[in-house]
Every structure is written in C-alpha cells, then in structure tokens.
Amino acid sequence: METLKKEIKEKKSSKPVRVAGAEAVIKCLLEEGVHLAYGYPGGAIMPVYDELYKYKDKLHHVLTRHEQGAIHAAQGFARVTGNTGVVFATSGPGATNLVTGIADAQIDSTPLVCITGQVASHLLGSDAFQETDIVGISTPVTKWNYQITKASEIPEVIAKAFYIAKSGRPGPVLIDITKDAQFEEFDFSYKKCENVRSYRAVPETDITQIEAAAKLINSAKKPFVIFGQGVIIGAAEKELKTFIEKAGIPSASTALGLSALKTKHPLHVGMVGMHGNYAPNVLTNECDVLIAIGMRFDDRVTGNLSTYAKQAKVVHFEIDPAEIDKNVKTTVAVLGDVKDTLTKITPLIQQNSHPHWLDQFHKLYKKEEEAVINNQLNPTKEGLTMGEVLHTINSQTNGEAVIVSDVGQHQMFACRYANFEQTRSNVTSGGLGTMGFALPAAIGAKMGVPNREVIAVIGDGGYQMTIQELGTILQTKAAVKIVVLNNSFLGMVRQWQELFFDRRYASTVMTNPDFIKIAEGYGIEAVRVSERKNLSNAIEKMVASTEAFFLEVVIEKEDNVFPMVPTGASVSDIRLC
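Residues numbered from 1 in each chain as written. Predicted model: local features only at pLDDT ≥ 70, side-chain atom pairs only at ≥ 80, totals over all residues. Heavy atoms only, no water.

A. Highlighting the sheet that holds strand β17 (residues 454–459). The strand order β16-β15-β17-β18-β20-β19 describes an open sheet built from six strands, whose pairing is parallel. Of all strands in the sheet, those bounded by a partner on one side alone are β16 (426–428) and β19 (525–529). Here the strands of the sheet are splayed against their neighbours by 20° on average, with no regard to which way each runs. Note that strand β15 (residues 402–405) and β16 share three bridges and pair parallel. Bridge assignment links I403 to a residue of β16, and that residue is N426. (Pairing = 2+ DSSP bridges. Helix = DSSP H or I, 4+ residues; strand = E, 2+ residues; numbered from the N terminus. Axes fitted to C-alpha atoms, helices over the stretch in contact; angles between N-to-C directions.)

Next up, the structure:
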C-alpha cells in the first residue's frame with residue numbers, strides 16, 4: 001500500500017505545471033540539487049533574479065562585487081566539494097566578464113554551469129544595448145554552450161548542461177537565455193540527463209592495455225609515478241595509494257594533483273614542474289617506466305619536450321583520449337575512469353619495493369634541503385621569507401586547512417611548503433594562471449566546506465585585481481582567512497627580470513595602498529607583520545578567529561623561488577639557485 005502511494009505521489013509530482021521560463025530555470029537547478037549560486041544581476045537576466053527572490057529559502061544566491069568574482073567563487077566551491085558550481089550574469093559586459101573564469105575552469109577541468117541573460121530574440125544580431133554574442137565568444141573555452149530562444153527548451157538544455165559539465169573530464173558549460181524566453185510560459189516537467197548521443201563521457205577501457213601496463217610496471221627497475229588532478233576529480237585517492245604501496249613506486253604530484261596523496265606519505269617524493277622539487281624533476285630523466293596518472297604533460301611539467309623522459313617507457317592513465325600522445329608519446333595508453341582503471345590494474349601488480357631507487361630521491365632531496373629549503377625555513381637574513389610564512393601556517397593548522405593560492409611566487413611557495421593531510425586541500429589556478437583568482441575562490445571554497453579552515457594566500461599584485469570581493473565577505477560573513485605576502489613587487493615577473501633581463505625591473509615595482517585600513521573598512525580584523533618575532537603570534541590569532549581575518553606579511557623584496565627549470569631547458573637542468 002505504501003509503495004502504491006509513493007508511486008502515485010511521484011506521478012503527481014512529475015505532472016507538467018505551467019510556469020514562465022525564468023521560474024523553470026530555478027526549478028531545474030533545484031532538481032539538480034543546487035542550493036548555492038553566485039552572480040550579478042542586470043537587465044537581461046532580471047526575470048531569473050525575480051524568481052531567485054521568490055525561491056530564496058531554497059536557493060541561496062551570493063551577490064559578488066564583479067562577475068569575475070562570481071565565477072572564481074563558483075570554481076572554489078566546485079574544487080573543494082566536487083559539485084558543479086553555478087553562476088548567473090546578465091548580457092553584454094556581464095557575460096564577457098565571465099570569460100576569464102570560464103577559460104580557467106576549462107583548462108583546470110572544473111565543472112560549472114554558467115547561465116547568462118540575453119536580449120530578446122527579435123533583437124539578436126541588431127547590436128542592441130548590451131548585446132554580445134557570448135556563445136560565439138565562449139565556444140573555444142567551454143565544454144559545451146547553447147543559446148535558448150524558446151522557454152520550452154529550458155529543462156532539456158539545463159539537464160544536458162549539468163550532465164556534460166560533470167561527466168567524464170569535467171568542464172564549464174554556458175547557457176544563454178533570451179529575455180523573451182524567460183517571460184514565455186510553457187508546461188514544465190524535468191528529467192535528468194543520463195547520456196548524450198555522440199558524446200562518450202568515459203572511454204571504454206581495453207583490458208589488454210591494462211595487462212600490457214601491468215607487465216611493464218612489474219618488470220621496471222626504476223618506475224616513477226606522476227599523478228595529477230585527475231585522481232582527485234575521479235575520487236581515486238584511495239586507489240592511487242593502494243596501487244603505489246603495492247608496487248612500491250616513488251610518486252610525485254603535479255601542482256593541481258597536490259593533496260591527492262598525503263604530503264608526508266613515505267612514497268611521496270615531492271612536486272614536479274618548473275618550481276617543483278629537485279629530485280623528481282632530475283630523476284624523471286632516469287626512470288625506466290614513467291607512469292602518468294590523471295595528468296596531461298603540460299609544458300610546466302615537461303620543460304623541453306625533446307629531452308623529456310626519452311629513456312623511459314610511458315604508461316598514461318587518462319580519461320580524455322585527446323591527451324594521449326598530445327605532448328608525450330606513450331608506450332601504453334590506459335583509457336578510462338582512473339578509479340576504475342587503477343582498481344583493475346592493482347590485482348595484476350606484483351608486491352614490490354624499490355629501496356635503492358627510492359634512496360636516490362632521498363639523497364637529492366637532501367641536496368635541495370641544504371641549498372634551498374633550509375634557507376627558506378630557517379633564514380639567516382633579517383627579512384621574512386614566503387617559505388617560513390607557509391610553514392608556520394601549516395604547522396598551526398596541522399596540514400588540515402584548505403590553501404587557496406593566487407598566481408605568482410607565493411603560489412609556488414604554497415605548493416612547495418604546505419603539507420596536505422586530506423584531499424581537495426590545494427586550490428589554485430593551474431593551467432591559465434589567473435591573477436585575482438584566490439580571494440573570490442576562497443570565498444566559494446569556504447561556503448563549500450564551512451567546517452574547514454580556508455586560507456587564501458595572495459601576493460600584493462593579484463590581491464588588488466579582485467580586492468573588491470572583500471565586499472562579498474562583508475555581506476556574507478564568510479570566515480575566510482586572507483594572507484597577503486607583500487614584497488611590493490610583481491614577484492614572479494621580477495624574478496625573471498632578475499635572472500634573464502639583467503635586473504631591468506620594468507613595470508613590476510608596486511606602490512601599494514594601506515591594506516590594513518582597506519580591510520578594516522570592510523569590517524575585517526587586520527594585522528600587519530614585518531618582523532619574525534611577531535609572525536607566529538599573528539598567525540595563531542588569525543587561525544583562532546571564527547570570523548574573516550586579514551594578515552599582511554611584509555616579506556623579503558627580492559626573495560626568489562627555487563628550484564627552477566628555465567624556459568626551454570630540460571627538467572634535469574633544474575637550477576637550485
């Protein structure tokens with residue numbers, strides 16, 4: 001009887017109801033389990049915002065201070081939760097202000113659904129007020145986009161958007177809705193999308209490739225794993241750990257792969273890349289089998305491709321067929337969802353260990369420790385270093401905080417000196433390298449995981465690109481901790497000018513405002529530290545605060561981030577100074 005009642009109730013709930021397009025948008029989002037969205041209203045999206053007002057008890061909207069802030073906040077939310085971020089913007093400049101974040105999400109595989117308003121359909125192509133072809137503009141940087149001109153299209157298109165954004169290799173989707181479609185009424189019903197014709201979200205795994213990969217790995221004398229963000233996206237952290245522990249393989253992370261494996265795991269040998277650790281970069285060119293898991297061999301990881309791992313057989317675990325052989329020629333390509341492929345290969349892997357090979361990583365780490373790390377963590381010079389700031393933050397949060405870093409020297413210091421104890425703890429703009437990312441992304445991250453400490457680590461340059469989002473913190477009371485590492489320079493560019501342009505510091509010197517007064521103007525408690533003796537207490541005060549907190553740390557002006565692989569050089573030519 002109860003089952004019958006339930007079936008009758010479900011049939012009633014799926015019965016079409018007459019609604020306007022704008023209300024249909026909100027109903028679709030609720031059907032997809034969305035309860036938090038970011039955005040900025042305007043004329044062309046106003047009908048949707050009117051419905052948001054009516055549904056505010058079910059769908060919370062966060063008003064940011066700029067559309068770029070909205071999309072970065074949605075990215076931060078998506079990165080820490082694994083859920084799809086949602087953004088609203090109006091037509092014209094509202095929509096175009098999303099483009100940087102869309103491009104960032106595309107290259108970093110972040111699932112987003114962006115909904116933009118558009119002028120009425122009869123005005124399309126007429127250069128009407130605030131009309132911009134956002135579908136044409138965003139096509140190169142979206143996983144899919146679509147323009148809706150009829151209200152009846154809304155349910156099917158939004159369902160498809162959420163499926164495409166989250167499935168397979170995730171990415172951003174943009175839906176542009178004309179204003180008349182938002183007003184038009186139709187009979188609404190909703191059905192979630194479970195597949196799209198001609199779109200295969202996850203490629204079929206070839207078991208013979210699994211077997212071939214296992215054979216190579218079992219016969220290797222110097223195997224080496226590089227894992228990327230694909231492990232985190234695929235929720236395969238446990239499978240990665242089981243795999244490398246059984247095979248006994250030294251494993252390094254890309255910048256976006258950090259936190260998929262605990263930093264202090266005995267097989268974790270550091271980070272690869274331009275400013276990664278010395279040992280994994282050098283020994284990439286000495287391994288006999290290179291196992292890439294959920295990473296894409298971008299130029300910051302490989303350096304000069306003509307000299308990259310030429311001695312090694314390459315096994316590539318990847319969900320996106322387009323990444324296979326794109327940069328590095330593979331010996332065995334294992335296509336499929338990494339959680340599934342690692343589960344399938346692990347039983348075929350022999351229990352093993354490689355103590356002598358692992359010891360080579362430890363010896364080179366000691367070399368890096370003596371030449372670089374000790375100077376950062378226990379500096380003899382008077383000025384504070386970025387490394388010691390990150391180390392102090394890390395020790396006082398026990399490696400449990402989410403670190404959201406901007407782009408520049410501080411980003412690489414955060415990746416190098418933060419210890420991560422749990423997954424989804426390192427949020428940064430990787431592929432696009434978007435300055436201004438961290439502050440709004442940290443707001444979104446805090447809303448996504450309100451019970452975790454979220455600390456934004458930002459340079460004085462990037463901070464001023466989205467500093468207006470302090471207003472979002474003021475309005476939402478998001479308890480984000482902000483650390484600005486202030487060297488009065490655009491630090492990474494200055495480092496390159498020092499090393500490769502004979503110290504010609506062209507347009508990199510920053511004349512900064514009083515950051516403390518600005519933070520206080522937004523109702524945020526603020527502290528400035530310029531001496532080592534005050535650093536630990538200031539960070540302790542910040543961490544103890546239950547509200548938003550701003551900490552400015554004045555650091556050594558010409559401190560550099562090393563090691564470094566110069567542009568065009570081989571990874572084995574990485575510099576320690």
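B. Up close: the nonpolar core. F224, F243, L290, I293, I345 and L551 are the most contacted members of the largest nonpolar core, which has 97 residues in total. Sort the elements by how many residues they give to this core and helix α16 (residues 355–377) lands first, with six residues. Lining this core are residues from two domains, each supplying at least three of them: domain 2 (207–360) and domain 3 (378–554). The contact partners of L551, leaving out residues within four places of it in the chain, are I482, V483, V484, V527, V529, A538, I539 and M542. Counting residues in hydrophobic clusters, the runner-up holds 41 residues, among them Y163, I177, Y190 and V196. (Core = buried A, V, L, I, M, F, W, Y, C linked by side-chain atoms within 4.5 Å. Buried < 20%, exposed > 50% of the residue type's maximum accessible area, 1.4 Å probe, protein only. Domains from an automatic or database assignment. Contact = heavy atoms within 4.5 Å.)

C. The arrangement of the packing of aromatic side chains in detail. Considering all chains together, one arrives at 14 aromatic pairs under this definition. Arranged with centres 6.4 Å apart and planes meeting at 20°, the rings of F188 and Y190 form a pair that is stacked. Considered together, F188 and Y190 belong to a single accessibility category, that of buried residues. Each ring, one from F489 and one from Y505, has its centre 5.4 Å from the other, and the planes form 75°; the classification is edge-to-face. (Phe/Tyr/Trp six-rings, centres within 6.5 Å; stacked < 30°, edge-to-face > 60°.)

D. View of the sheet that holds strand β14 (residues 332–335). Read across the open sheet, the six strands follow the order β11-β10-β9-β12-β13-β14; overall the sheet is parallel. Each edge of the open sheet carries a strand with a single partner, namely β11 (268–271) and β14. Sheet twist, expressed as the mean angle between neighbouring strand axes with direction ignored, is 20°. Note: strand β9 (residues 223–227) against strand β12 (residues 289–293), five bridges, orientation parallel. For F224, the partnering residue across the bridge sits in β12 and is L290. The strands touched by helix α12 (residues 237–247) are β9, β10 (251–253) and β12; relative to β9, the strand with the most contacts, the crossing angle is about 170°.

E. Quick peek at the domain arrangement of the protein. Assigned domains of the protein: these are domain 1 (15–188), domain 2 (207–360) and domain 3 (378–554). Taking only C-alpha atoms, the centre of domain 2 and the centre of domain 3 are 31 Å apart. Between domain 2 and domain 3, the residue contacts involve 17 residues of the former and 18 residues of the latter. Taking both partners together, domain 2 and domain 3 bury about 1,500 Å²; carbon and sulfur atoms supply 56% of that area. By the criterion of area lost to domain 3, the three top residues of domain 2 are S259, T263 and H275, representing 35% of everything that side buries. K262 is paired through a salt bridge with E421; the nearest N and O atoms lie 3.7 Å apart. (Buried area = accessible area lost by both parts, 1.4 Å probe. Salt bridge = Lys/Arg side-chain N within 4 Å of Asp/Glu carboxyl O.)

F. Representation of the pattern of salt bridges in the model. Evaluation of the coordinates by the stated rule reveals 27 salt bridges. Taking the shortest distance from any N to any O, the salt bridge between K344 and D340 comes out at 3.1 Å. With K344 and D340 both in helix α15 (residues 338–345) and four residues apart, this pair spans about one turn of that helix. Using a relative accessible area of 32% as the deciding quantity, one classes D340 as partly exposed. A salt bridge links E498 to R494; the shortest N-O distance between them is 2.7 Å. Placement of both E498 and R494 in helix α22 (residues 491–500) is noted, with a separation of four residues, approximately one turn of the helix. Residues E498 and R494 agree in their burial class; the two are buried. Connected through shared salt-bridge partners, R169, D320, E323 and K326 make up one network.

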